[in-house]
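# Structural overview for review
Residues per chain, in single letters:
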Amino acid sequence: MTATAVVTLNKAVEEIKDQVIAWRRYLHENPELSFHEEKTAQFVYETLLTFGNLEVSRPTKNSVMARLIGSQPGKVLAMRADMDALPITEENTFEFVSKNPGVMHACGHDGHTSMLLGTAKLLSGMKDQIKGEVRFFFQHAEEVYPGGAEEMVQAGVMDGVDIVIGTHLWSTMEFGTVGICPGPMMAAPDTFWITVLGKGGHAALPHETIDSIAIAAQVVTNLQHIVSRNADPLDNLVLSVTQFVGGTTHNVIPGAVEICGTVRSFDKNLRESIPGLMERVIKGITEAHGAGYKFKYEFGYRPVINDAEVTKWMEEVVEESLGREWVEHMRPTMGGEDFSAFQQKAPGCFFYVAAGNKEKGITYPHHHPRFTIDEDALEVGVKMFVNAARKIVME
């Protein structure tokens, strides 16, 4: 295909921009939490059926897959969008705010879904130009472990797939770029829970207690030595304590303290060593003070590791469809994403579409009650998807 094909595809995307925005606003008004996306999935399913040329199915209760099988043999390209919302009360004031109290699309998944619907609508009319197959994954439950991606993979959606791509609208990037990151991109997000078991008593008589507060504080401080003294400084590792709960009043030393937090890493061997290193610290401190402990560690999603060749193709897609100036080479982030489940089955690339805009007041981070996106970014996302299809299964 020539540059003329890119122009033609981009013009087609621009012509359905208003429809994509309308889908996004409908989804924003009607958010559903992870593993509860019944109405969202049904809306996506019914919308896909109106396009024609698609084999539409429900791989799991709350997910949707559409297959566009071309008229000629070739590669199988999968594209993914997530659909779930968050348990957040929205504080925005625009006309299409959430109608579901305490539930909000505060991470851009409404945009992801609408962009992939737009992509499916356009490509479904190009069946005769497809060499191979395009699969559209509308995934549930990205926000809650064990995640919907793994369920979809187990249901067989990746069988026969050669390449998988996905995107995330990113409000902390100013509109006008697409973020590309070869290799490690997003970390494995693990979770831990610690209970320090002391002996409660009166705050005026600390010698008659085993002070769980003081002991737990030492545990928190010394856990930081794992990053600074037990891991190679060149390895990416984060250990954050995010909850510290104990006590009920000013004059009582509590008998127990609950601690919770997250560990983020990329390296498999380092990741697997962390629970043992943590327990050694916890056990040593609690035993030294005559206390006990409980420790639970849960491995979360795998890290997102972008395939070098597929990422190179996606960078070329940015250049060809938007211009070289749109390419922004990103550093890895310690955030997590279950897109990694799809990458276990086929080489893939996850990329960012910048969706912030200071002039429009779109500056709030993801998971904030006033989060939103610059809707011009939706057109960019659809252009990326359709031009990826052009490059991989149409040229």
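Parameters and conventions
Residues numbered from 1 in each chain as written. Predicted model: local features only at pLDDT ≥ 70, side-chain atom pairs only at ≥ 80, totals over all residues. Heavy atoms only, no water. UniProt positions renumbered as here; feature names shortened; annotations may be inferred. Helix = DSSP H or I, 4+ residues; strand = E, 2+ residues; numbered from the N terminus. Contact = heavy atoms within 4.5 Å. Buried < 20%, exposed > 50% of the residue type's maximum accessible area, 1.4 Å probe, protein only. Lys, Arg positive; Asp, Glu negative; His and termini not counted. Salt bridge = Lys/Arg side-chain N within 4 Å of Asp/Glu carboxyl O. Pairing = 2+ DSSP bridges. Axes fitted to C-alpha atoms, helices over the stretch in contact; angles between N-to-C directions. Domains from an automatic or database assignment. Buried area = accessible area lost by both parts, 1.4 Å probe. Polar contact = N/O pair within 3.5 Å; in protein donor to acceptor, adjacent residues only side chain to side chain. Nonpolar A, V, L, I, M, F, W, Y, C, P; charged D, E, K, R; others polar. Disulfide = S-S within 2.5 Å.

This part covers the UniProt feature "domain: Peptidase M20 dimerisation" (unreviewed entry) in the protein. As recorded in UniProt, the sites labelled "domain: Peptidase M20 dimerisation" (unreviewed entry) are residues 191-274. Between the end C-alpha atoms of residues 191-274 there is a gap of 11 Å, over a span that is 31% helix and 36% strand.

The next thing to look at is the environment of His367. Its location among the elements puts His367 in the loop between strand E16 (348-356) and helix H10 (376-394). In the structure, His367 is positioned 259 residues away from Gly108 in sequence and 9.3 Å away in space, judged by C-alpha atoms. Ignoring anything within four residues of it in the chain, the contact list for His367 reads Leu86, Ile88, Ala106, Cys107 and Glu143.

The next point concerns the side chain of Glu142. One can find Glu142 in the loop between strand E4 (131-139) and helix H5 (148-154). Buried and without a salt bridge, Glu142 has Arg80 as its closest oppositely charged side chain, separated by 5.0 Å. Setting aside anything within four residues of it in sequence, one finds Glu142 in contact with Arg80, Asp82, Asp84, His109, Tyr301, Gly336, Glu337 and Asp338.

Strand pairing within a sheet occurs via backbone hydrogen bonds; the two strands may be parallel or antiparallel. Taken in spatial order, the 4 strands of this open sheet run E10-E12-E8-E13, and their pairing is antiparallel. Strands with a single pairing partner mark the edges of an open sheet, and in this sheet they are strand E10 (237-245) and strand E13 (292-298). Neighbour-to-neighbour, the strand axes of this sheet turn through a mean angle of 20 degrees, independent of strand direction. Pairing geometry for strand E8 (residues 188-197) and strand E12 (residues 256-265), over 10 bridges, is antiparallel. The residue bridging Phe192 from the neighbouring strand is Gly261, located in E12. Lying over the sheet, helix H6 (residues 212-230) contacts E8, E10 and E12, oriented at roughly 170 degrees with respect to E10. Against the sheet, helix H7 (residues 268-288) engages E8, E10, E12 and E13, with an angle of about 170 degrees to E13.

With that out of the way, let us pick up the sheet that holds strand E3 (residues 72-82). Strands sit in the order E1-E2-E4-E3-E5-E16-E6-E15 across an open sheet of 8 strands; the sheet is mixed. For this open sheet the edge positions go to strand E1 (55-57) and strand E15 (327-329), each flanked by a neighbour on one side alone. If you compare each strand with its neighbour and ignore which way they point, the axes differ by 25 degrees on average. Bridge count for E3 against E4 is 9 bridges, and the pairing is parallel.

Counted according to the given criterion, the structure contains 25 salt bridges. Across the pair Arg302 and Glu150 runs a salt bridge, and its minimum N-O distance is 3.3 Å. Highlighted residues: Arg302 in the loop between E13 and strand E14 (304-306) and Glu150 in helix H5, separated in sequence by 152 residues. Overall, the relative accessible area of 25% leaves Glu150 in the partly exposed class. Here Arg390 ties to Glu395 by a salt bridge, and the two come within 2.6 Å at their closest N and O atoms. Take Arg390: its relative accessible area is 2%, and that puts it in the buried class. Classification of Glu395 as partly exposed rests on a relative accessible area of 40%. Connected through salt bridges with shared partners, the residues Glu14, Lys17, Lys360, Asp374, Asp376, Glu379 and Lys383 form a single ionic network.

This part takes up the domain arrangement of the protein. Taken as a whole, the protein is organised into domain 1 (1-186 + 304-394) and domain 2 (188-298). Centre-to-centre, using C-alpha coordinates, domain 1 lies 39 Å away from domain 2. With 10 residues of domain 1 in contact, the opposing surface of domain 2 contributes 9 residues. Interface area for domain 1 against domain 2, summed over the two sides, is near 600 Å², with a carbon-plus-sulfur share of 75%. In this structure, the connection of domain 1 to domain 2 is made through 0 salt bridges. Seen at the junction of domain 1 and domain 2, the total is 1 residue pair in polar contact (both at pLDDT 80 or more). The biggest single contributor to the side of domain 1 that touches domain 2 is strand E7 (residues 183-186), with 3 residues. Residues belonging to the side of domain 1 that touches domain 2 are distributed by class as follows: 7 nonpolar, 3 polar and no charged.

On to the UniProt feature "binding site: Mn(2+)" (unreviewed entry) in the protein, then. Within this numbering scheme, the UniProt entry marks Cys107, His109, Glu143, His168 and His367 as carrying the feature "binding site: Mn(2+)" (unreviewed entry). Annotated residues spanning 261 residues; largest pairwise C-alpha distance 13.6 Å, indicating a single compact cluster. As for its position among the elements, Cys107 is in the loop between E3 and helix H4 (109-124). The exposure class of Cys107 is buried, given its relative accessible area of 8%. Setting aside residues up to four positions removed in sequence, Cys107 forms contacts with Leu86, His112, Glu143, His168, Leu169, His366, His367 and Phe371. Here Glu143 shows up in the loop between E4 and H5.

Before going further, it helps to examine the state of the cysteines. If you walk through the whole model with that rule in mind, you get 0 disulfides. No disulfide involves Cys260; its nearest neighbouring cysteine sulfur is the one of Cys107, lying 19 Å away. No disulfide involves Cys349; its nearest neighbouring cysteine sulfur is the one of Cys181, lying 8.8 Å away.

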